[in-house]
Amino acid sequence: MIFVKVQAPAGRNIYVGGDYENSKGLAPVTIILAAGSHTFETVFSNAVDFRAQVQDVPDGTNLKISLDPVSPPEPI
Amino acid sequence: MRRAALFLLLSVMLAACDYPVRNQALTSANAQAKYELKYLPDGDDTLVIVTASGGGTRAAALAMSVLQAMDRIKLPSGQSLTDKVDIVSSVSGGSVTAGYFALYGKDGFDTLESSFLRRDGMSPLIGSILNPFSLAVLSTPSKERIDLLIDYLDRQLFQGKTFEDLVQRRRRPYLILNAADMVEGVPFPFTTYTMNLLCSDLGTMKLSTAVAASAAFPVALSPVTLKNYCTPSAPGRAPGVRDALQSSWYVNPSRVAWARAASAYASGSKQYIHLLDGGIADNLGVAEPYRMLTGGDNTLDLINDMGQGKIKKVVFVMVNARSFKPSGLDSSPETPGLLDMALGSVDSSIDRATFSTAERLRTLLLAELEQFATQAQDPKLKANLRAVARNTTFLPVDFDGIRDEKCRQAFHSIATSWSLSGAEIDALKKVGGALLGNDQDKVARDNFAKMLKDVGGHVDGQLPTIEDACRTVQGAG
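Residues numbered from 1 in each chain as written. Chains lettered and ligands numbered in written order. Predicted model: local features only at pLDDT ≥ 70, side-chain atom pairs only at ≥ 80, totals over all residues. Heavy atoms only, no water.

A.B. asks: I'd like to hear about helix α18 (residues 405-412) of chain B, residue by residue, with values.
C.D. replies: For α18 of chain B, the set of buried residues is Cys407, Phe411 and His412 of chain B. Down the axis of α18 of chain B, the buried side of the element spans an arc of 135°, and every buried residue falls inside it. (Buried < 20%, exposed > 50% of the residue type's maximum accessible area, 1.4 Å probe, protein only. Helix = DSSP H or I, 4+ residues; strand = E, 2+ residues; numbered from the N terminus. Arc of directions from axis to C-beta.)

Encoded structure:
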C-alpha cells in the first residue's frame, strides 16, 4: 500500500484513476492506494482542471503532492 | 403428430441460427440504476463480510447454516449479525445461498431449504439430458447444457429475478457472484464495474444466469458466454486501468495482471467472454473483497473508508466447504483414465487456488492491516488503521477445523452434487454454526469471543456443538 497526501487545491474533491463518480475526499486528504502509478485530478464543470501523476511508487511509501492546473481544462 | 414433428424440426432449425444472448448492452436508460454498495443504505462502522465457497449443495447448505448461526448473534441494536451483513461474495454452490440471501434476506432460508437444499437437483438435470426433446434442443446452439441449470435455478428459486431486483430491494448485503474467465483464468465478479468493462448492463442480468456461471463446473456444464458490446472504436469506461497499465509489473504484478485482463475487455479486443465455475480462479470468493480491502482500482474502496474512520471494525466470515474424498488412485499402479485425469486436474487446480487465496486473506486481516498502520505517517490515518486492525476478526468456517479425524473425513466425504440426503443436510445445518464458534478448539473459541466483544453481541441460546454435528454426520453415513 502507498499513502498519498494530496495537499492542494484545498477544499476540492480529489478523484483517482479517472473514477469521477467516487471522490476520495476533499483536499487536503491522505489516500491509501495500491503500489504503482496513479493519476489524481479535480473536476469543475465536467472538465479536469487540476492534475498530478505519480509513477511506480513502491509499497510502504508516504508521499505529499499538490495538483497542477490543467490549462485549458480537459472535458471528462 | 406429423405437424408436431415438423414444428419441432423447424424450431430446432430456426434455433440453430443463434447462440443465446445472456447480457444486454449498456444504454443511457439502464446505466442509471446501478447495483453498487454505495447506493444501498449506509451501514454502520462495523463491516461484515461473508464469503461462501463452491461445493454444490454441500456448500449451499454450509453457507446457510453459518448465516442462520449468525442470526443468533444479537447486537445491542436488537438486530442480529445476519441482519448486518454488508457484503456476501460467493462461488458455485455457495452462490445459490448468497444470491437467495441477497434477494430475500433471512426470510428466504425456509424456501431455500425446502425448494433447493432438500430437493434432488441432479435428476431434473440428468432427466433433461435423457429427454429426447431436450436432447434435440441441446443439440442446437440456442440452448446449451448450462441452460438446464439456469432453468432449474429459476424454477426452484430465482423466478427470473435480476440484479435490478436487488437494486429495488435497497437493502444490504451487497452481492458479488464470482465466475471465472476460462481464457484469461482470472475471477470474473458480476459487478457493475466488471459488466461496464464489457459495455454491458448488470441490472438486466438474471440472477440464475450469474449463479449458474459461477457454478458451471468444467466439462459437465457448458460455459456461460457473455457478449462484449465494447468495440475498438467505442471502448468501455475503465477507471483505474490506464494507471495500472502504466505501472511497472515489478512494482505490483497482481495489479498489472488485473489491468491487462480488464483492458482486454474494455478495448473490445475480446468479443466474447466464456465463463466457467469461479472455483477455477478462486474457490472461496475472497478475491474481490480482498481487492476492495487493499485499495485496488475498485469503485468499492473499503481501505480508504477504514483510513477515514468510517469503518472501525471488521468481521470476516470465510465459509469453505471444500471436500477431500480419499482417492483409490494413490494405491493403484494402474494409469488413471481420461475421466480421472480430467477431474483430477480440475480438482487439484481448484484446491491450489483455494489454499493460496485463503492464506493471502488470513495474512491481510491478521498481519497486514497492522503493518499498513505502522507504515502510514499521517497520525489520524495511522490511528484509524490501527483501530481497525485491532478490531478485526477473521472467522474461517472449514471442515479442517474439526479435530476428530473420523468426523472430519465424514464431512469431507459429502459429495459435490446437487443432491444430498436429508441426513447430510441435517449434519451440514449443524456444522456451520458449530464451526463458527468451534467449542472444541480454544483458538477458534477465543476468536469468536473476541468478535462478540468487538461488536458488543451475545449468542441468543446456544450454537450447535461440534459433537452434535459429528454425531449427525456419522449417522448419515
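From this point, things continue past the structure.
A.B. asks: How would you sum up the side chain of Thr39 of chain A? Please name residues and give values.
C.D. replies: Topologically, Thr39 of chain A is positioned in strand β4 (residues 36-44). Since its relative accessible area comes to 2%, Thr39 of chain A is described here as buried. A polar contact is formed between the side chain of Thr39 of chain A and the side chain of Gln53 of chain A, at a distance of 3.3 Å. Polar contacts involving the side chain of Thr39 of chain A include one to the side chain of Asp243 of chain B, which spans 2.6 Å. What Thr39 of chain A contacts, discounting residues up to four positions off in sequence, is Tyr15, Val16, Gly17, Arg51, Ala52 and Gln53 of chain A together with Asp243 of chain B. (Polar contact = N/O pair within 3.5 Å; in protein donor to acceptor, adjacent residues only side chain to side chain. Contact = heavy atoms within 4.5 Å.)

A.B. asks: Hey, could you go over the packing of aromatic side chains for me, with residue numbers and the actual values?
C.D. replies: Residues and elements named next belong to chain B. Across all of its chains, the model carries 14 aromatic pairs over all chains by this definition. Ring geometry for Phe188 and Tyr265: centres 6.0 Å apart, planes at 65°, overall edge-to-face. Here Phe188, found in strand β6 (residues 186-189), pairs with Tyr265, found in helix α12 (residues 253-266); they are 77 residues apart in sequence, far enough to count as distant. Here Phe188 matches Tyr265 in class, with each residue buried. An angle of 85° between the planes, with centres 5.2 Å apart, marks the rings of Trp249 and Tyr250 as edge-to-face. Note on Trp249: relative accessible area 43%, which makes it partly exposed. Classification of Tyr250 as exposed rests on a relative accessible area of 73%. Among the aromatic residues, ring-to-ring pairing joins Tyr35, Phe163 and Tyr174 into one connected group. Across the ring face of Tyr290, the terminal group of Arg360 is positioned such that the distance to the ring centre comes to 4.4 Å. (Phe/Tyr/Trp six-rings, centres within 6.5 Å; stacked < 30°, edge-to-face > 60°. Lys NZ or Arg CZ within 6 Å of the ring centre and 35° of its normal.)

A.B. asks: Describe the sheet that holds strand β3 (residues 29-33) of chain A, with residues and values.
C.D. replies: Residues and elements named next belong to chain A. Taken together, three strands build an open sheet; the order of strands is β3-β1-β6 and the sheet is mixed. The open sheet has two free edges, formed respectively by β3 and β6 (62-66), since each of these has just one partner strand. Direction aside, neighbouring strands of the sheet carry axes that sit 25° apart on average. Pairing geometry for strand β1 (residues 2-8) and β3, over five bridges, is antiparallel. Across the sheet, Phe3 pairs through a bridge with Ile32, a residue of β3. (Pairing = 2+ DSSP bridges. Axes fitted to C-alpha atoms, helices over the stretch in contact; angles between N-to-C directions.)

A.B. asks: Can you break down unusual backbone geometry residue by residue, with the values?
C.D. replies: Omega for the peptide link from Ser71 of chain A to Pro72 of chain A comes to -5°, which places this bond in the cis form. Positive phi values are uncommon outside glycine, yet Asn46 of chain A reaches one of about 60°. Considering the arrangement of structural elements, one finds Asn46 of chain A in the loop between β4 and β5 (47-57). Owing to a relative accessible area of 56%, Asn46 of chain A belongs among the exposed residues under this scheme. Its identity as a non-glycine residue notwithstanding, Cys199 of chain B has a phi of 55°, on the positive side. Looking at the secondary structure, you find Cys199 of chain B in the loop between α9 (192-197) and β7 (200-201).

Scope: geometric values only; no functional claims are made or implied.
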